[in-house]
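Okay, here's what each chain looks like letter by letter:
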Amino acid sequence: MRFPLIAIAWVALGGGAPAQEVLPISVRTFERDGMGGAGTFGADDRRAAAPKGPPVISSTDQKQTYKHYDVDLTNRSRSAAKGLRMDYVIYTVSGDGRLISNSASAPVESLAAGARASLKTRGATLIRSKTTTKTVDVGPGNRVRTGSETSRSKERFGGIWVRVYAGDKLVGEGRDLTAELEKLKPAWKAPDRGGRPSTEAGISLPEIEIKPPRPPAKPPLPKPPF
């Protein structure tokens, strides 16, 4: 069990006017076993692929375990915070070393000054697989030989990244990643909102004007005979 990470982001309020108050939201994360009460993420097709080769019979046994987080948000300002939203990404590493990132959101309608709210994330699925493959080989004298091969894969838990927004402003952030993922420096993956790209990660997307293609030129008509 890693120690929870505490992070505070300070964002000025009041638009373009000089800020008289800031809204700091501290984030603490606690890793838990099990899927929790918020359900789990959907299946991800980036899991380890089946073994390749000329197998005759192949069978795979899978065992699933789950991890989720309890997240504490504390309003350390002297005024109430309303309309907060917690976005988070939970990372796992597949058996063949590919990074799987699942993101979701949880609303926080109001948080009084000095108050704390506890939220549960969805559960991330970890799969441990054992595949037994029977093979056939033709040896000297056209003798048929059979054998078996066993391969195992185990997914690893990568941690969590939390961002708290008040409208479109980032007001709190916490990240608790394994040492393996810290080296990879994964990118933030904002939750999908109606199929539209999100700009909440601090990146402004340029407006692109898409022009329809020009219609093909018509071939010249043949000249009439004399």
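In the block above lies the structure referred to throughout.
Residues numbered from 1 in each chain as written. Predicted model: local features only at pLDDT ≥ 70, side-chain atom pairs only at ≥ 80, totals over all residues. Heavy atoms only, no water.

Caption draft 1: Molecular detail of the overall build of the protein chain. Within the protein chain one finds one helix and 10 strands. The linear arrangement of helices and strands in the protein chain, starting from the amino end, is β-β-β-β-β-β-β-β-β-β-α. Sequence-distant contacts, at least 24 apart, represent 73% of the contacts inside the protein chain between residues at least 6 apart. Surface accessibility of the protein chain: about 15,200 Å² in total, with carbon and sulfur atoms responsible for 54%. (Helix = DSSP H or I, 4+ residues; strand = E, 2+ residues; numbered from the N terminus. Contact = heavy atoms within 4.5 Å. Areas by Shrake-Rupley, 256 points an atom, 1.4 Å probe, with all protein chains shown as cover.)

Caption draft 2: Fine view of the packing of aromatic side chains. Counting across every chain of the model gives three aromatic pairs. With a centroid separation of 5.3 Å and an interplanar angle of 70°, the aromatic rings of Trp-161 and Trp-188 are classed as edge-to-face. Of this pair, Trp-161 sits in strand E9 (residues 156-166) while Trp-188 sits in the segment after helix H1 (179-184), placing them 27 residues apart in sequence. Each member of the pair, Trp-161 together with Trp-188, is buried. Here the guanidinium or amino end of Arg-163 rests over the ring plane of Trp-188, the centre of that ring lying 4.7 Å away. A cation over an aromatic ring shows up here: Arg-175 above the ring of Trp-161, its NZ or CZ 4.8 Å from the ring centre. (Phe/Tyr/Trp six-rings, centres within 6.5 Å; stacked < 30°, edge-to-face > 60°. Buried < 20%, exposed > 50% of the residue type's maximum accessible area, 1.4 Å probe, protein only. Lys NZ or Arg CZ within 6 Å of the ring centre and 35° of its normal.)

Caption draft 3: How the structure looks around a positive patch on the surface. Together, Lys-63, Arg-128, Lys-130, Arg-152 and Lys-154 make up a region of like positive charge exposed at the surface. Of all the secondary-structure elements, those providing two or more residues to the positive patch are strand E7 (124-138) and strand E8 (144-154). For Arg-128, the location among the structural elements is in strand E7. (Patch = residues over 30% accessible without salt bridge, like charges linked within 9 Å, V, L, I, M, F, W, Y side chains within 5 Å. Salt bridge = Lys/Arg side-chain N within 4 Å of Asp/Glu carboxyl O. Lys, Arg positive; Asp, Glu negative; His and termini not counted. Charge placed at Lys NZ, Arg CZ, Asp CG, Glu CD.)

Caption draft 4: Fine view of unusual backbone geometry. We note that Lys-185 has phi near 50°; this positive angle belongs to a residue other than glycine. Counting through the fold element by element, Lys-185 comes out in the segment after H1.

Caption draft 5: Expanded view of a nonpolar patch on the surface. Residues Val-136, Val-138 and Val-144 make up a contiguous nonpolar surface patch of roughly 270 Å² in combined accessible area. Within the secondary structure, Val-138 sits in strand E7.

Caption draft 6: The nonpolar core, seen in detail. Formed by 25 residues in total, the largest nonpolar core has its most connected members in Leu-73, Leu-84, Met-86, Tyr-88, Ile-90, Val-162 and Val-164. Looking at this core, the elements with two or more residues in it are strand E2 (25-33), strand E3 (55-75), strand E4 (81-93), strand E5 (99-111), strand E6 (116-120), E7 and E9. Counting eight residues, the second largest nonpolar core, distinct from the first, contains Tyr-91, Trp-161, Leu-177 and Trp-188. (Core = buried A, V, L, I, M, F, W, Y, C linked by side-chain atoms within 4.5 Å.)

Caption draft 7: Up close: the pattern of salt bridges. Evaluated as defined, the whole model comprises 10 salt bridges. Measuring nitrogen to oxygen at the nearest pair gives 2.8 Å for the salt bridge that ties Asp-70 to Lys-120. Residue Asp-70 is found in strand E3, and its partner Lys-120 is found in strand E6; the two are separated by 50 residues along the sequence. Asp-70 gets classed as buried once you look at its relative accessible area, which sits at 15%. Residue Lys-120 is classed as partly exposed on the basis of its relative accessible area of 44%. Connected via shared salt-bridge partners are Glu-31, Asp-33 and Lys-67.

Caption draft 8: The arrangement of the environment of Arg-163 in detail. Within the secondary structure, Arg-163 sits in strand E9. Its relative accessible area of 11% is what places Arg-163 among the buried residues. Along the chain, Arg-163 and Ser-105 lie 58 residues apart, while their C-alpha atoms are 9.6 Å from each other. Of the polar contacts made by the side chain of Arg-163, one reaches the side chain of Glu-173; its length is 3.0 Å. (Polar contact = N/O pair within 3.5 Å; in protein donor to acceptor, adjacent residues only side chain to side chain.)

Function-wise, these values are silent; they only describe arrangement.
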